[in-house]
Structures are given as C-alpha cells and as structure tokens.
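Summary of the model geometry
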Amino acid sequence: MTKDSSNAMWGGRFAAGPDAIMEAINASIGFDRRLADQDIRGSRAHAAMLGRTGIVSGSDAEAIREGLLTVLSEIEAGEFAFSSALEDIHMNVEARLGQIIGAPAGRLHTARSRNDQVATDFKLWVRDQIDAATAGLETLIGALLTQAEAGADWVMPGFTHLQTAQPVTWGHHMMAYVEMLGRDLSRFGDARARMNECPLGAAALAGTSFPIDRDMTAAELGFDRPAANSLDAVSDRDFALEFLSAASICAMHLSRLAEELVIWSSAQFRFVTLSDRFSTGSSIMPQKKNPDAAELIRAKIGRIFGANVALMMVMKGLPLAYSKDMQEDKEQVFDAADNLMLALAAMAGMVRDMSANRDALEAAAASGFSTATDLADWLVRVLDMPFREAHHVTGKLVALAEQRGCDLPDLALEDMQSVHGAISESVFDVLGVANSVASRTSYGGTAPEQVRSQIARWKERLG
Ligand code: ARG
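This one's a predicted model, so the numbers in the text were calculated from it and none came from an experiment.

So, on to the nonpolar core. With 93 residues, the main nonpolar core has W170, F188, L254, L340 and M347 as its most contacted residues. When residues of this core are assigned to their parent elements, the largest contribution, 16 residues, is made by helix α10 (residues 238–264). Setting aside chain neighbours within four positions, we find F188 in contact with I130, A133, T134, L137, F243, A246, A247, C250 and L340. Of all hydrophobic cores here, the second largest spans 22 residues; its members include A372, M385, L400 and A401.

As a further point, take the packing of helix α3 (residues 36–52) against helix α4 (residues 58–76). Their axes nearest at 8 Å, the elements α3 and α4 cross at an angle of 170 degrees. Taken together, the axes of α3 and α4 are roughly antiparallel relative to one another. Every residue of α4 that contacts α3 at A36, D37, I40, S43, R44, A45, A47, A48 and G51 is listed here: A61, I64, R65, L68, L69, V71, L72 and I75. Residue classes in the contact of α3 with α4 are distributed as twelve nonpolar, two polar and three charged.

S28, D32, D88, H90, R114, N115, V118, Y322, Q327 and K330 make up every residue found near the ligand. Contacts to the ligand include Y322, whose side-chain N or O atom sits 2.5 Å from an oxygen atom. Q327 places a polar side-chain atom, nitrogen or oxygen, 2.7 Å from a nitrogen atom of the ligand. Contact with the protein chains removes 87% of the 340 Å² of surface that the ligand exposes when unbound. The element that contributes the greatest number of residues to the shell around the ligand is helix α6 (residues 114–150), accounting for three residues. A class-by-class count of the residues in the shell around the ligand yields two nonpolar, four polar and four charged.

With respect to the helices and strands, the residue S43 is situated in helix α3. Overall, the relative accessible area of 1% leaves S43 in the buried class. Within the local environment of S43, its side chain forms a polar contact with the side chain of R112, the two groups lying 2.8 Å apart. Ignoring any residue separated from it by four or fewer positions in sequence, one finds S43 in contact with L68, L108, R112 and Q117.

Attention now goes to the environment of A135. Checked against the element boundaries, A135 lands in helix α6. According to the relative accessible area criterion, A135 is partly exposed, its value standing at 41%. Separated by 206 residues in sequence, A135 and M341 place their C-alpha atoms 9.6 Å apart.

Below, the discussion takes up the packing of aromatic side chains. Per the counting criterion, the structure on display carries nine aromatic pairs. Between the aromatic rings of F80 and F82, the centroid separation amounts to 4.7 Å while the plane-to-plane angle is 45 degrees, which identifies the pairing as tilted. Measuring from ring centre to ring centre gives 6.3 Å for W264 and F271, while their planes differ by 45 degrees; the resulting arrangement is tilted. Accessibility assignment for this pair places W264 and F271 in one class, buried.

Another aspect to go through is the layout of surface pockets. The calculated volume of the largest pocket comes to roughly 360 Å³. What lines the largest pocket is a set of 15 residues, among which F159, H173, Y177, R256 and E260 lie closest to the centre. Within the residue set of the lining of the largest pocket, elements represented by two or more residues are β1 (155–160), α7 (170–195) and α10. In terms of residues, the lining of the largest pocket owes the most to one element, α7, which gives five residues. Per-class residue counts for the lining of the largest pocket are seven nonpolar, five polar and three charged.

What follows deals with the pairing of strand β2 (residues 163–169). In this sheet, β2 lies alongside β1 in antiparallel orientation, the contact comprising six bridges. Looking across to β2, one finds that P157 is bridged to P167. If you look at the hairpin formed by β1 and β2, you'll find two residues sitting between the two strands, and H161 has a positive phi there, around 55 degrees.

Let's shift gears to empty space enclosed by the protein. In this structure the tally under the stated criterion is one cavity of 30 Å³ or more. Within this model, the largest cavity holds a volume of roughly 30 Å³. Lining the largest cavity, in full, are F159, L162, E260, I263, W264 and F269. Examining the composition of the lining of the largest cavity, we find that three residues originate from one element, α10, more than from any other. Residues that form the lining of the largest cavity fall into these classes: five nonpolar, no polar and one charged.

Per-residue pLDDT for the protein chain has a mean of 95; in total, 98% of the residues score no lower than 70. For residues 1–5, every residue scores under 50 in pLDDT, and the model assigns this stretch five contacts once sequence neighbours within four places are set aside.

The next thing to look at is the pattern of salt bridges. Applying the stated criterion to the full structure yields 26 salt bridges. With its nearest N and O atoms 3.1 Å apart, the salt bridge here joins R440 to D374. Of this pair, R440 sits in the loop between α17 (433–439) and α18 (448–462) while D374 sits in helix α14 (residues 372–383), and the two are 66 residues apart along the sequence. Each member of the pair R440 and D374 is classed as buried. Through salt bridges with shared partners, a single network forms among E87, D88, R114 and K324.

What counts and how
- Residues numbered from 1 in each chain as written.
- Predicted model: local features only at pLDDT ≥ 70, side-chain atom pairs only at ≥ 80, totals over all residues.
- Heavy atoms only, no water.
- Core = buried A, V, L, I, M, F, W, Y, C linked by side-chain atoms within 4.5 Å.
- Buried < 20%, exposed > 50% of the residue type's maximum accessible area, 1.4 Å probe, protein only.
- Helix = DSSP H or I, 4+ residues; strand = E, 2+ residues; numbered from the N terminus.
- Contact = heavy atoms within 4.5 Å.
- Axes fitted to C-alpha atoms, helices over the stretch in contact; angles between N-to-C directions.
- Parallel < 35°, antiparallel > 145°, perpendicular 65-115°, else oblique.
- Nonpolar A, V, L, I, M, F, W, Y, C, P; charged D, E, K, R; others polar.
- Near = heavy atom within 4 Å.
- Polar contact = N/O pair within 3.5 Å; in protein donor to acceptor, adjacent residues only side chain to side chain.
- Areas by Shrake-Rupley, 256 points an atom, 1.4 Å probe, with all protein chains shown as cover.
- Phe/Tyr/Trp six-rings, centres within 6.5 Å; stacked < 30°, edge-to-face > 60°.
- 1 Å grid on protein atoms, 1.4 Å probe; cavity = no way out; pocket = protein on both sides within 12 Å on 5 of 7 lines; lining within 4 Å.
- Points joined across faces, edges and corners; volume = space filled by probe spheres on them.
- Pairing = 2+ DSSP bridges.
- pLDDT = per-residue confidence, 0-100.
- Salt bridge = Lys/Arg side-chain N within 4 Å of Asp/Glu carboxyl O.

Printed below as a string of structure tokens:
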C-alpha cells in the first residue's frame, strides 16, 4: 500500500492532511465500528469472489480471508486500536489487514467502493436487527398467550374513551395485543424480504469493468439476488427507513400496552400486580411501587419515531448517488434498534411476571352499567323492539339505577316494569357479566370459546 503523510487511502492526490475539525466531523469510526462483523463478512465474501473469478490470485484471496478473521478476533477481543484518522470501519479494517498480511491486502478493494461496501454492511446489520426484533416479538407474544390462556374467561371491563363500555375477557384483551404484534412481525418480515438484495458490486456508483460475480457474493451473504441498479444500490436507504417505520409502529403498540400497565397497576385500578423484578421504589415514599419499565417503554416511541423522521430528513432531496449525508443514517438506526430490543425484552419480562387480579377485574367489570348493551339487545330480541327504542328504554333504566345508587342487575323487576311494562324476569339472565361475555360468540368476539380458538391458532402459527 502506498504510504503518504496525508492519508494512506487517497494520499496520492493530497499534499496536506485534514484539519482536526475536518477529521472530527468526517469520522464515523466512533459509531460505525458496530458494523465490524458485517464489514468483515462482506469483505470475506468479496475476497472469495475475487479469487474465484481470477480477479486476484487464489492465494491472495485466501490470505485476505484469513487475515480478516484475525482482524475480527482482535476486534471481538477488544484489542483493536480504532483510529479516527482512518475515518470509518471500512478503512480501519483494511489498514489493519495490511499490517497483518502485507501487500495482498491492497487487492481487497478491487472492483469495490466504500459506497457499495457500506450499503452492504448496513443492510446486513439492519437485517440482523429485523431477525432480533422478530425473536423479541415472538417471546413477547408467547408471554401474552400464556396470560390469555390463564384468563381466557376472566371478566374485565372493556373501555371506550376509558369509560366502562362492555365487559370483555382478560384473554381477549391480551389477544388484542397479540394481533397487533403479529402485524408487527409481518411488517418486519415484509421489510426483510424487500430489502434482501445485495448492493455489493455496484462499486462507487456505476458498476465495474472487472468480471465480478455478483450472484456469488449475494448468495454468500444470504441475499436473494444482487440489486439490479448500481446507482440505486449505493444511494438508497429505504431499507433502513422501512425498518424504522416498522419499529415505530411496533414501539407505538408497546407504548399503548405500557400505558395500560401503568393504569392497571395503580391503586385505583389494581387490575394487575407487577413483579418486584420489573418495578422500582421511591426514595421518599415507602409504599410506592412504580411501573418505571412500563413508563420507559411508553416513552421509547419518541426516540424511535424520531430516528425515522431524522433519517427521512437526511435522505430527502439527496441527488443520486452517494452523498456523505448518508453517513448520518447509522446512529439513528443503532439507537432506535437498541431501544426497540430493550423495550421488547422489558415488556416480555413484565408481561411474563405480572399477575392479573381476577377479583378486581371482575368487580370492575360489573360496575359502570357495563351490561346496558346486553339489556338493550334483550329488549330487541325478546320484545322485538327496534334497537333505537331499546337504546332509549335502556337509557331510562340506567338513569333509574343511577338514581337508586345501584347497578342494573340490582334493580327490582317492578322498577324495570315501571319503565317498560313488558320486561320480564328473564332479563336478569343477560345482566350478569359472565353471561354477557359468553354471549359474544361472533367471530373475533370476546366469548371465552372465541378467545380460546384464537389462542390455539396463534400457538399453531408460532410453533
Ligand atoms: N463512512 C462512510 C458512510 O458511512 C462510508 C462511505 C464513504 N464513501 C465515500 N465516498 N466517502 O457512509
């Protein structure tokens, strides 16, 4: 490798080295060292291809591949001296390779540019994160399924506007999140399938005149095919944006569940008890048990969606092909991915460890006139009343109960008949919460039998 005082990689054209400030704004090694594993995977695949196609000799290719493993082991052992003068992970690895194997290292960058290299590395990294998010989601879904199964027929209030609406089952509520997270799984899966084209071989922007084999490197790196347009391959980051957007939606779901756990674990609700392992205390109020993990998960959407917006802003308006702006893609994605994985793991732990308080759920389910709709439906079914009229009559009965300071099932039959003479004893069958949920057997409804069949479907799906 030609050595020069200005820069080992492009010193040929430069007489002076960079200003310290230039180095500071330019260097990405402080964060892109996280791509070391992917960078070395990519370079080893590239070297194998260069050897196979005869672009470099078989022995040089082998020396490069071996040397890269040594570099990787140094990095993994924490023995690697990263240098910001060498700007990024790609040049740090290549420079160290030169120190280890000498001259053949200079042949690694044949038919390649840092532009296709970084696009490949970053894609591999994002793909790994999608796999990690998938595993994290499956664990969380498993914990929700366990909760749902234990309380498939436990009754709790269902809310709209956070006002008591109709009784639902605990299992049904848990399964609502399973459905949301299931769509998150499929969103990550879609993003993975779409992004799985290999940029390597696009070179700087135009492809290369060397007889490279892009199918070989794509297959070696687990891609479905090489990307079909070299300009596109080096200049889009939509794969990272799709990851961030799937991550944002997933974080939004986690945030909603977190919010419910915050509410449910309060002394006023007591729907759930969070485990000590996933709670914190107060330094001044000895009675406090705070749902900090849930609160932090609730907040994570801020930074994850922030990363999505930030990268959108970086990418908008960039002319093709590569611009250095794109180096700003990584920190956002790293931070979003780290926090998503943490949030998924914390939520899985919280859900696994929490215990639902069946009695409190049931007591709350019965209050707030939660079976008023059942009463209206009874008037329609048994007395053949038009629903609008039934709604009105039920409203009067609710007002009467409110006046008496009791719930609907506690009203005397005579009281009910004072509102509508045809109401008979059998109305009381539908006023209990257990009957209410048991009656909602429509597909996707809250009846325990429906909930159990959805649980079975999900268990099958997850294997
Ligand atoms: N560190 C750069 C990045 O993260 C690598 C690509 C540099 N390419 C270039 N033409 N300067 O984007």
